[in-house]
Amino acid sequence: MTQAPTPTADTVRRLVRTLLKEGAANAAGPDVRPAAEGGEPATWWVGTRHVLRLAPDREAAARRRRELRLRDLVRPHLTVAVPTSVAHGEWAPGLAYTLDTKLPGGSGEDHDVSAVGEADLAGLLTGLREVPVRQAEALGVPRTGPRSLEALRREAERAAERLAAADEFDPGRLQQLTAPAAVQLAAQSGTAVLVHHGLTGDHLVVSADGRVRGVLDWTDAVVGDPAEDIAGLARAVGSPAAVRAATLAGYGARPCLRGLWLARCDTVIHLAARLKGRDDTPLPLLRTRLRRAWEAILLERVTELRDDEAGEAGEAGE
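What follows covers the sheet that holds strand β4 (residues 85-92). A sheet is described by the order of its strands in space; here five strands give the open sequence β1-β2-β3-β5-β4, paired in antiparallel fashion. Either end of the sheet is taken by a strand with one partner, and the two such strands are β1 (32-34) and β4. The average undirected angle you get between the axes of adjacent strands in this sheet is 25°. Bridge count between β1 and strand β2 (residues 43-46): three bridges; the pairing is antiparallel.

Reading across from one edge, β6-β8-β9 is the order of the three strands in this open sheet, with antiparallel pairing throughout. Strands with a single pairing partner mark the edges of an open sheet, and in this sheet they are β6 (106-107) and β9 (212-215). Inspection of the sheet shows strand β8 (residues 204-206) paired to β9 by three bridges, in the antiparallel sense. Across the sheet, residue Val-205 finds its bridge partner in β9, namely Gly-214.

With their axes 7 Å apart at the nearest point, helix α8 (residues 227-237) and helix α10 (residues 253-275) run at an angle of 55° to one another. As the angle between them shows, α8 and α10 are arranged oblique. Both α8 and α10 take part in a crossing whose hand is right-handed. Facing α8, whose interface residues are Ala-227, Glu-228, Ile-230, Ala-231, Ala-234 and Arg-235, α10 presents Pro-255, Cys-256, Arg-258, Gly-259, Leu-262, Ala-263, Asp-266 and Thr-267. Each residue belonging to the contact of α8 with α10 can be placed in one class, and the counts come to eight nonpolar, two polar and four charged.

We now examine the confidence of the model for the protein. Scored by pLDDT, the protein comes out at a mean of 90, with 89% of its residues at no less than 70. Counting contacts from residues 310-318, a segment whose pLDDT is below 50, to residues more than four positions away or on other chains yields 20 contacts.

It is worth spelling out the side chain of Asp-229 at this point. Note that Asp-229 resides in helix α8. Notably, Asp-229 is buried but unbridged: the nearest opposite-charge side chain belongs to Arg-235, and the N-O separation is 7.4 Å. In terms of polar contacts, Asp-229 uses its side chain to reach the backbone amide nitrogen of His-196, at 2.9 Å. Among all residues touching Asp-229, those that are not within four sequence positions of it are Leu-125, Leu-128, Leu-194, Val-195, His-196, His-197, Gly-198 and Leu-199.

With that settled, consider the packing of aromatic side chains. Per the counting criterion, the structure on display carries two aromatic pairs. The interplanar angle of 85° and the centroid separation of 5.5 Å between the aromatic rings of Trp-261 and Trp-294 together place this pair among those described as edge-to-face. Of the two residues, Trp-261 sits in helix α10 while Trp-294 sits in the loop between α11 (283-293) and α12 (312-317), which places them 33 residues apart along the sequence. The same class applies to Trp-261 as to Trp-294, namely buried. Seen from the ring of Trp-45, Lys-102 lies directly overhead, with NZ or CZ sitting 4.5 Å from the centre. The residue whose ring lies beneath Arg-129 is Tyr-251, and the NZ or CZ to ring-centre distance is 4.4 Å.

This next bit is on the pattern of salt bridges. Inspection of every chain in the model, using the stated rule, returns 24 salt bridges. Here Arg-65 makes a salt bridge to Glu-90, at a shortest N to O gap of 3.2 Å. Of this pair, Arg-65 sits in helix α3 (residues 58-74) while Glu-90 sits in strand β4, and the two are 25 residues apart along the sequence. Overlapping salt bridges, with partners in common, bring together Arg-53, Glu-67, Arg-71, Asp-100 and Asp-217 in one network.

What counts, and where the lines are drawn
- Residues numbered from 1 in each chain as written.
- Predicted model: local features only at pLDDT ≥ 70, side-chain atom pairs only at ≥ 80, totals over all residues.
- Heavy atoms only, no water.
- Pairing = 2+ DSSP bridges.
- Helix = DSSP H or I, 4+ residues; strand = E, 2+ residues; numbered from the N terminus.
- Axes fitted to C-alpha atoms, helices over the stretch in contact; angles between N-to-C directions.
- Parallel < 35°, antiparallel > 145°, perpendicular 65-115°, else oblique.
- Left-handed = near helix turned anticlockwise from the far one by under 90°.
- Contact = heavy atoms within 4.5 Å.
- Nonpolar A, V, L, I, M, F, W, Y, C, P; charged D, E, K, R; others polar.
- pLDDT = per-residue confidence, 0-100.
- Buried < 20%, exposed > 50% of the residue type's maximum accessible area, 1.4 Å probe, protein only.
- Lys, Arg positive; Asp, Glu negative; His and termini not counted.
- Salt bridge = Lys/Arg side-chain N within 4 Å of Asp/Glu carboxyl O.
- Polar contact = N/O pair within 3.5 Å; in protein donor to acceptor, adjacent residues only side chain to side chain.
- Phe/Tyr/Trp six-rings, centres within 6.5 Å; stacked < 30°, edge-to-face > 60°.
- Lys NZ or Arg CZ within 6 Å of the ring centre and 35° of its normal.

In structure tokens, the structure reads:
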């Protein structure tokens, strides 16, 4: 396999100079800078109004091309903004780029989501459920089966013991999720929807007043378990806010609790992996996600959940 070239500021500047009119008027080209520090930058700020994303390999390039079509499909169903591409093509043989307009606002990692922002998230979850699944699959969005919460619980228990030895986590907290409870929270058949599958704080555009103004990076979208996006929000904005948003979107107690425990198990497992050197995510971010996912909600324990038990979700979000 041919090694992909490493993008540099000069590479980016030459590319965007051909795409933006203001680049022609400025011999030095537009101001460009990596969006993240360290590593080989694949995302670049271009001036103050655009962001350039460079696919590092052919698999990522295929997802970038699919994302362009998917964003057009989801945009009419959402109450929050989705980036718009002003140009796309290849920055190297077989490697795609997209030049998008920058959505106004900051990162969800830097701004808390307000009560009105939770309503914005509810609109996001509602809109995702309304996107025609067949149309998404026709674009190449893969369908994935639901994860086993029972298997995840067992893995989290082992990870929790490692965290306890490092004085990072009390493993007794996982006892709230018993084996029978994990079985009760299995995903229900016939509930697959379009799932963003990457609702991190970095992918939520939040304004200073706590409104959620947009959602970025649709490359990992799948057709699957809606509890995965509830879990993503629990890690990004905290469990109470995530459950309230899901409740506003019409989800009942079962998917809310399933999403809550997916997030809690995931954060324990990911932090333990980082401490063993198997993950390069910054430790402060993993600890923050753990704290958010383990914020208490009123409906903590799984009791006799019935299929028609949507009313209990109101208790979960209060």
